Amino acid sequence: MSKPAVVLLSGGLDSATVLAIAKAEGYNPYALSFSYGQRHAWELEAAKRVAASIGVADHKTATIDLRIFGGSALTAEIAVPKGRDADAMSHGIPITYVPARNTIFLSFALAWAEVLGASDIFIGVNALDYSGYPDCRPEYIQSYEKMANLATKAGVEGHQSLKIHTPLISMTKAQIIAKGIELGVDYSLTSSCYDPSPTGTPCGQCDSCLLRLKGFRENGITDPLS
């Protein structure tokens, strides 16, 4: 029987690829999405489509409201940056960073993994994108994994040695897309835009859209959403 694994699934390009990778590596994926007050909540519809397409044992959406804190263009009435070039993206931490988001998401994943008796969590963090998000760095993941194994009953009693898998962490966007295509991911089902229309049409100008378009272009193919 395949081992259970919790896979964080936003509905975006990266998380869809990670889900396909977990499935290809023989895990039985349990997908976990979050409705956290994000302006790009359309991605949750994409997450449902991706989970159905790739196949999961279960798909849960946890509801939390990070808009009560704000502090990000994704959770407050702050404009999403548009039209930035690679140089602008590579300097500083952008206003689309959501404070402590991956720490919060991984805590939920850790709780579900303990209930499932799963020792594996997959997350689509990437350290090569221009985002500069502090909670996407390898040292952060390593530290979180160490903490996680001290934080649960299963870990303390020796029933569980948790591993956080980050298969995309050192890949370019073009490499991620190439891997997904190899695994049969249907990227037309995904949503990457930080500021989509009410019907999910991507803006084409936010950092996420521009990085995605660049990744498809470098593979010599057209983004199915463009």
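Whatever comes next refers back to the structure up there.
Residues numbered from 1 in each chain as written. Predicted model: local features only at pLDDT ≥ 70, side-chain atom pairs only at ≥ 80, totals over all residues. Heavy atoms only, no water.

(A) Focus on the pairing of strand 1 (residues 4–8). The element strand 1 is extensively covered by neighbouring structure, given that four of its five residues are classed as buried. When strand 1 meets strand 2 (residues 28–35), the two strands line up parallel, connected through five bridges. Within strand 2, the residue paired with A5 across the bridge is P29. You can see the chain leave strand 1, run along helix 1 (residues 13–24) and come back into strand 2, and the turn it takes is right-handed. Bridging between strand 1 and strand 4 (residues 120–122) involves two bridges; their strand directions are parallel. Paired with V7 across the bridge in strand 4 is F122. (Buried < 20%, exposed > 50% of the residue type's maximum accessible area, 1.4 Å probe, protein only. Helix = DSSP H or I, 4+ residues; strand = E, 2+ residues; numbered from the N terminus. Pairing = 2+ DSSP bridges. Right-handed = clockwise from strand over helix to strand, strands pointing away.)

(B) Representation of the sheet that holds strand 1 within the structure. On the basis of which strands lie adjacent, the open sheet formed by five strands has the order 3-2-1-4-5 and parallel pairing. Each end of this open sheet is capped by a strand with a single partner; those strands are strand 3 (58–63) and strand 5 (163–165). For this sheet, the mean angle separating the axes of adjacent strands, direction not counted, is 25 degrees. As paired strands, strand 4 and strand 5 are joined by three bridges and run parallel to one another. In the sheet register, D120 faces strand 5, and the bridge partner there is K163. Contacts from helix 1 reach strand 1, strand 2 and strand 4, with the element oriented near 170 degrees to strand 1. (Axes fitted to C-alpha atoms, helices over the stretch in contact; angles between N-to-C directions. Contact = heavy atoms within 4.5 Å.)

(C) Representation of the nonpolar core within the structure. Counting residues in each nonpolar core, the largest one holds 36 residues, and the members touching the most others are L8, L32, F34, Y36, L106, I121 and I141. Elements with a contribution of two residues or more to this core: strand 1, strand 2, helix 4 (101–116) and helix 5 (138–151). For this core, the element with the highest residue contribution is helix 4, accounting for six residues. For Y36, the contacting residues outside a window of four places in its chain are E43, I64, D65, L66, R67, L74, T75, V98, R101 and F105. I21, Y27, A47 and Y187 belong to the second-largest nonpolar core, a separate cluster that totals 25 residues. (Core = buried A, V, L, I, M, F, W, Y, C linked by side-chain atoms within 4.5 Å.)

(D) Highlighting empty space enclosed by the protein. Under the criterion given, the structure shown has one cavity of 30 Å³ or more. Put simply, the largest cavity is a space of about 750 Å³. Around the largest cavity, the lining is made up of 39 residues, and of these S10, D14, R101, G124 and Y194 lie nearest the centre. When contributions to the lining of the largest cavity are tallied by element, the ones reaching two or more residues are helix 1, strand 2, helix 2 (43–54), helix 4 and helix 8 (207–218). In terms of residues, the lining of the largest cavity owes the most to one element, helix 8, which gives four residues. Taken together, the residues that form the lining of the largest cavity break down as 17 nonpolar, 14 polar and eight charged. (1 Å grid on protein atoms, 1.4 Å probe; cavity = no way out; pocket = protein on both sides within 12 Å on 5 of 7 lines; lining within 4 Å. Points joined across faces, edges and corners; volume = space filled by probe spheres on them. Nonpolar A, V, L, I, M, F, W, Y, C, P; charged D, E, K, R; others polar.)

(E) Structural detail: the side chain of T96. Secondary-structure assignment places T96 in the loop between helix 3 (86–89) and helix 4. If we ignore the near neighbours within four places in the chain, the residues touching T96 are S72, A73, L74, V80, P81, Y133 and Y194.

(F) Broad picture of unusual backbone geometry. One non-glycine residue, A100, lies in positive phi territory at about 60 degrees. Along the polypeptide, A100 turns up in the loop between helix 3 and helix 4.

(G) Geometry of the packing of aromatic side chains. Under the definition given, this model contains eight aromatic pairs. Ring pairs connect the aromatic residues F34, Y36, F105 and F108, which therefore count as one cluster. (Phe/Tyr/Trp six-rings, centres within 6.5 Å; stacked < 30°, edge-to-face > 60°.)

(H) Highlighting the packing of helix 1 against helix 2. Across the interface, helix 1 lies against helix 2 with an axial gap of 10 Å and an inter-helix angle of 20 degrees. Taken together, helix 1 and helix 2 sit at an angle that is classed as roughly parallel. In this structure, helix 1 meets helix 2 at a crossing whose hand is right-handed. Contacts between helix 1 and helix 2 involve A16, L19, A20 and K23 from the first element and V50, A51 and I54 from the second. Taken together, the residues of the contact of helix 1 with helix 2 sort by class into six nonpolar, no polar and one charged. (Parallel < 35°, antiparallel > 145°, perpendicular 65-115°, else oblique. Left-handed = near helix turned anticlockwise from the far one by under 90°.)

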